[in-house]
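Observations on chain architecture
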Amino acid sequence: MYMLSTIISQTGECNAQHATDPCFLNQWGYSTLLLIIIGIGLVYLLFKKRKFLVDNLKWIAGTVFIAGFLIYWYAFNEGGSDSNSIALAFRSALSSMEMFASHSDLLEVPKELHHDPFYMTIFSVIHFLAVIVSAVFIIKLLGFRFISWVRLCVANLPSKKKCRLFIFWGVNDNAILLADSIRKKAAEPKGKNEEGWENCRFIFVRLLSANESSSHGRFTFSHFFNSSHDGTEKFIEKIEELDGILVNSKFGITGRVIDKVKSEFDLYKYLGLRRLGNLIKKYPQATFYFLSPNEELNLEAVSVFKEIAKCKEDRVHNQVQIYCHARKNNQNQKLEICDGLKHQIHIIDSSNLAVLQLKKNVRNHPVNFADVDTSKACVKKPFTSMIIGFGETGRDAFRFLYEFGALIDANGNRNPRKIYVVDEHMDELKGDFLMKAPALKERKNELEWCEEMSIHSERFWEKLSEIIHDLNYVVIAIGNDNEGMALAIDLYEYAYRYRKDCFNDFRIYLRVNGSCNTIQLKQIKEYFNIYGNTRNVIITFGAQEEIFSYDVVSTDVLEVLAKEFYYAYQKIMIDAMPGTNEKEIEEKKKAKESLKQTAEEEWNARREALRDKHSLDAQIKLAYQEEQDRANVWHIDTKKFLAGAMGEDGKDNKERLKEMVELTQREAHTLNYSKVCDVVSSTLFDNLSKCEHLRWNACMELQGFVTCDGDKDFQQKKHKCIVDNDVLRSKYPETIPYDQCVVELSFRLKKN
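Source: prediction; values computed, not measured.

A full pass over the atoms with the stated rule returns 39 salt bridges. Put simply, Arg 443 and Glu 446 hold a salt bridge, and the shortest N to O gap is 3.9 Å. Asp 629 serves as the salt-bridge partner of Arg 606, at 2.9 Å between the closest nitrogen and oxygen. Placement of the pair is Arg 606 in helix α27 (residues 599-611) and Asp 629 in helix α28 (residues 616-634), with a sequence separation of 23 residues. Members of the salt-bridge network, linked through shared partners, are Arg 414, Arg 417, Arg 443, Glu 446, Glu 701 and Asp 724.

Right under this line is the structure:
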């Protein structure tokens, strides 16, 4: 303290004696410039490094307080406080605390120090820092509202940079996970056609919940200090990391909104989101996400946007893509195809996407459990599976196993398979499911519905003891992570104890939701790996953080291969059209001219052509065709695995793949495969075609189609080709090339 007093005293004396010298300390311009630089730096820290300031606020405040204490100690060290350390300490501490309330005791500082540039510079900087600390504290209390307001204003400024705008209607775990995934996607190297990723903007809209009055949505003083009443605060830090913007709507988006707004912009005005509406006008290719766990709220909000989109005044939402978290059932799928944002709405079905994880890896395909003979593309063992829990995930898992489990045995016939389905409420669940897929009623030898069977009952374990030796594939989807985890471990130990081949061709798939349960199960699996000498017998899938990622959710990622598959298939069909006479030549020419330049355009052209018919038949046909195109893509790995062109690790066997490409080479302008000329290649190609037909049959049956003798009827969902391969080859041999073309493309299409 004495040294500080000496330095300041000597500096004051120097200033008094050399007032006219061009010294740095005597030039107020430099001091002012220094303050400006400090101010700019602090403002930068306030907005760009706010998290650092907030996290270290107590240490910064403590440092500023001590600095203030020292400058006031020096100033007050005279008069009555000169020899009274207690009074000097209390006066200095009190004045130092008052700095944080934007108050200074400059009047109590000796007048000679008022003219000391060095002292006044330090005095001003410390007081300024104290005010900044208080500002950071206040902004912390504001709940991110002020920072978001500034960012939204800046975003509305004119800019030549291309931008991708992602708007999350509702603040929840799903939204945060997806936004974080998009940010990681943006950091990846991009191609020329992927502009705007370097300038992503994330906007989170806090929607008013049903039990809140409209006053809670208004910008009041009390609301200024509290972000929300619905737990939004826990997401603030993550939104800050994303450089996101958080805005509050005055009302929820419900059906009542439609009567009060006439156009899209009126909607944003009504919700108190005028600036957001202006921003969307600047970025018409924005993406909306409704990811609340409450599916009814998501569907209602999306329905409001659909109704408004029908208005002629709505020009903003023509290119907007909307993703809605809901069950992908018949009712909700109508949102995607009916008027108003038609084909711009995409249902995110978390259960469906969870099972999609299994489809993406051939290691999880049924073919991997049935002992494949790659020389004949057939399997040598039956496939037996059990689904425990027939809720949403269980039903989707059933569809996957039923379709992808349709394989060919060594004799060229349908390979035996059995699916056991267990659920306590099976009677009502089965009735609804079979009503939508009536063809499955005839598959009594392949399906066994274990009605009113609890996993805790004696009947369940008795059934398991009957089939444990043949059981290959178990899916646990009972909705309760802890209970499911316990059952998975019980089944593991049961198989270890009683199964003849132990864990050979046996795996347990457990649907989980919470990441904490995934971590716990990982630790348990490590225990089994070490002491049970087994690896990856229990596989988890469907965790929230895995589902809500950009590559899983986005249709531009999911459907790009389906579009390419359809486009390539159309090219083959047109190329193979006969051209022996003038009429056929003209038809072939017209078909070539009608083919679009890109897969995306051809995909959309099919949608538009069927949409113009305005019939339910056309909609059913479109849904069936698009679903088959998607299924064709996911089944590519099974076909490659059957032919030996892919290993269990999911990597292509390049030499074998090259052989299959050559083998499936068609003659020019025909559907004839002349290189399939010997017994071995003929059996191989024929079995792959048969397998594709069985897969097609299963997919059609799951969509509700049944077989018939006459022409196909989309109204009654009837198709004559839903028959076994021997019947198909005897009655409808002209359809076989369709299956062969799918096989051909499976080896040619590059799938990442």
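Next comes the rest of the write-up.
Let's shift gears to the sheet that holds strand β14 (residues 538-541). The strand order across the open sheet built from six strands is β11-β10-β9-β12-β13-β14, with neighbouring strands paired in parallel fashion. At either margin of the open sheet sits one strand with a lone partner, and together these are β11 (447-451) and β14. The sheet shows a mean angle of 15° between the axes of neighbouring strands, direction not considered. Sheet analysis places strand β9 (residues 383-388) next to strand β10 (residues 417-423), joined by six bridges and oriented parallel. Note on β10: the bridge partner recorded for Ser 385 is Ile 419. Helix α17 (residues 392-404) contacts β9, β10, β11, β12 (473-476), β13 (507-511) and β14 of the sheet and is inclined by roughly 175° relative to β10.

Turning to the pairing of β14, a few remarks are in order. On a regular strand, one side chain projects to one face of the sheet and the next to the other, so that they alternate. Neither face of β14 is open: one carries Ile 538 and Thr 540, the other Ile 539 and Phe 541, and all of them are buried. The pairing of β13 with β14 spans four bridges and is parallel. Paired with Ile 508 across the bridge in β14 is Ile 538.

With that settled, consider the side chain of His 127. When you line up the elements, His 127 lands in helix α7 (residues 117-141). Residue classification places His 127 among the buried positions, given a relative accessible area of 10%. Apart from the residues lying within four places of it in its own chain, the contact partners of His 127 are Ile 71, Tyr 72, Met 99, His 103 and Ser 104.

Our focus in this paragraph is empty space enclosed by the protein. In the structure shown here, the tally under the stated rule is two cavities of 30 Å³ or more. In this model, the second largest cavity occupies a volume close to 30 Å³. Around the second largest cavity sit Ile 478, Gly 479, Asn 480, Asp 481, Gly 484, Leu 510, Arg 511 and Asn 513, which together line it. Looking at the lining of the second largest cavity, its residues break down into two nonpolar, four polar and two charged.

Next up on the list: the nonpolar core. In this structure, Phe 168, Phe 204 and Phe 398 are the most contacted members of the largest nonpolar core, which totals 58 residues. By residue number, the principal contributor to this core is α17, which donates six residues. Every residue in contact with Phe 398, bar those within four places of it in the chain, is listed here: Ile 387, Phe 390, Ile 419, Val 421, Phe 433, Leu 440, Leu 447, Trp 449 and Leu 702. Grouped together as the second largest cluster of nonpolar side chains are 41 residues, Ala 377, Ala 562, Met 573 and Trp 603 included.

The next subject is the environment of Phe 404. Mapped onto the secondary structure, Phe 404 falls in helix α17. As a C-alpha pair, Phe 404 and Arg 695 span 291 residues in sequence and 6.5 Å in three-dimensional space. In this structure, Phe 404 is in contact with Lys 359, His 365, Pro 366, Trp 634, His 635 and Thr 638, ignoring residues within four places of it in sequence.

Within the span of helix α30 (residues 654-663), buried status applies to Arg 656, Leu 657, Met 660 and Leu 663. The buried side chains of α30 occupy one side of the element, clustering within an arc of 120° when seen end-on. Within α30, the exposed residues directed more than 90 degrees away from the buried face are Lys 654, Glu 655 and Lys 658.

This next bit is on unusual backbone geometry. A positive phi angle is found at Asp 371, which is not glycine, with a value near 60°. Tracing the backbone shows Asp 371 in the loop between α16 (350-359) and β7 (372-373). The partly exposed category is assigned to Asp 371, whose relative accessible area is 37%.

Relative orientation of the contacting elements helix α25 (residues 560-575) and α28 amounts to 105°, with a least axis distance of 8 Å. Of the possible angle classes, the one that applies to α25 and α28 is roughly perpendicular. Facing α25, whose interface residues are Leu 561, Ala 562, Phe 565 and Tyr 566, α28 presents Asp 629, Arg 630, Asn 632 and Val 633. Residues belonging to the contact of α25 with α28 are distributed by class as follows: five nonpolar, one polar and two charged.

Helix α31 (residues 679-702) packs onto α30 with a crossing angle of 90° between their chain directions and a minimal axis gap of 12 Å. Here α30 is positioned roughly perpendicular relative to α31, judged by the angle of their axes. Counted together, Arg 656, Met 660 and Leu 663 of α30 and Ser 681, Leu 684 and Leu 688 of α31 form the full contact between these two elements. Residue composition of the contact of α30 with α31, by class: four nonpolar, one polar and one charged.

What follows covers the side chain of Arg 607. As for its placement among the helices and strands, Arg 607 is situated in helix α27. Classification of Arg 607 as buried rests on a relative accessible area of 12%. Here Arg 607 is in contact with His 343, Glu 559, Leu 622, Glu 626 and Arg 630, once residues within four sequence places are set aside.

Attention now moves to the sheet that holds strand β1 (residues 164-169). Overall, parallel pairing links the six strands, which are arranged β3-β2-β1-β4-β5-β6 in an open sheet. Both edges of this open sheet fall to β3 (245-248) and β6 (345-348), since each of them pairs with a single strand only. Taking each pair of neighbouring strands and ignoring which way they run, the sheet shows an average axis angle of 20°. Both β1 and strand β4 (residues 287-290) contribute to a ladder of three bridges, which runs parallel. What sits directly across from Ile 167, in β4, is Phe 288. Helix α8 (residues 145-155) contacts β2 (200-206) and β3 of the sheet and is inclined by roughly 105° relative to β3.

Conventions and cut-offs
Residues numbered from 1 in each chain as written. Predicted model: local features only at pLDDT ≥ 70, side-chain atom pairs only at ≥ 80, totals over all residues. Heavy atoms only, no water. Salt bridge = Lys/Arg side-chain N within 4 Å of Asp/Glu carboxyl O. Helix = DSSP H or I, 4+ residues; strand = E, 2+ residues; numbered from the N terminus. Pairing = 2+ DSSP bridges. Axes fitted to C-alpha atoms, helices over the stretch in contact; angles between N-to-C directions. Contact = heavy atoms within 4.5 Å. Buried < 20%, exposed > 50% of the residue type's maximum accessible area, 1.4 Å probe, protein only. 1 Å grid on protein atoms, 1.4 Å probe; cavity = no way out; pocket = protein on both sides within 12 Å on 5 of 7 lines; lining within 4 Å. Points joined across faces, edges and corners; volume = space filled by probe spheres on them. Nonpolar A, V, L, I, M, F, W, Y, C, P; charged D, E, K, R; others polar. Core = buried A, V, L, I, M, F, W, Y, C linked by side-chain atoms within 4.5 Å. Arc of directions from axis to C-beta. Parallel < 35°, antiparallel > 145°, perpendicular 65-115°, else oblique.

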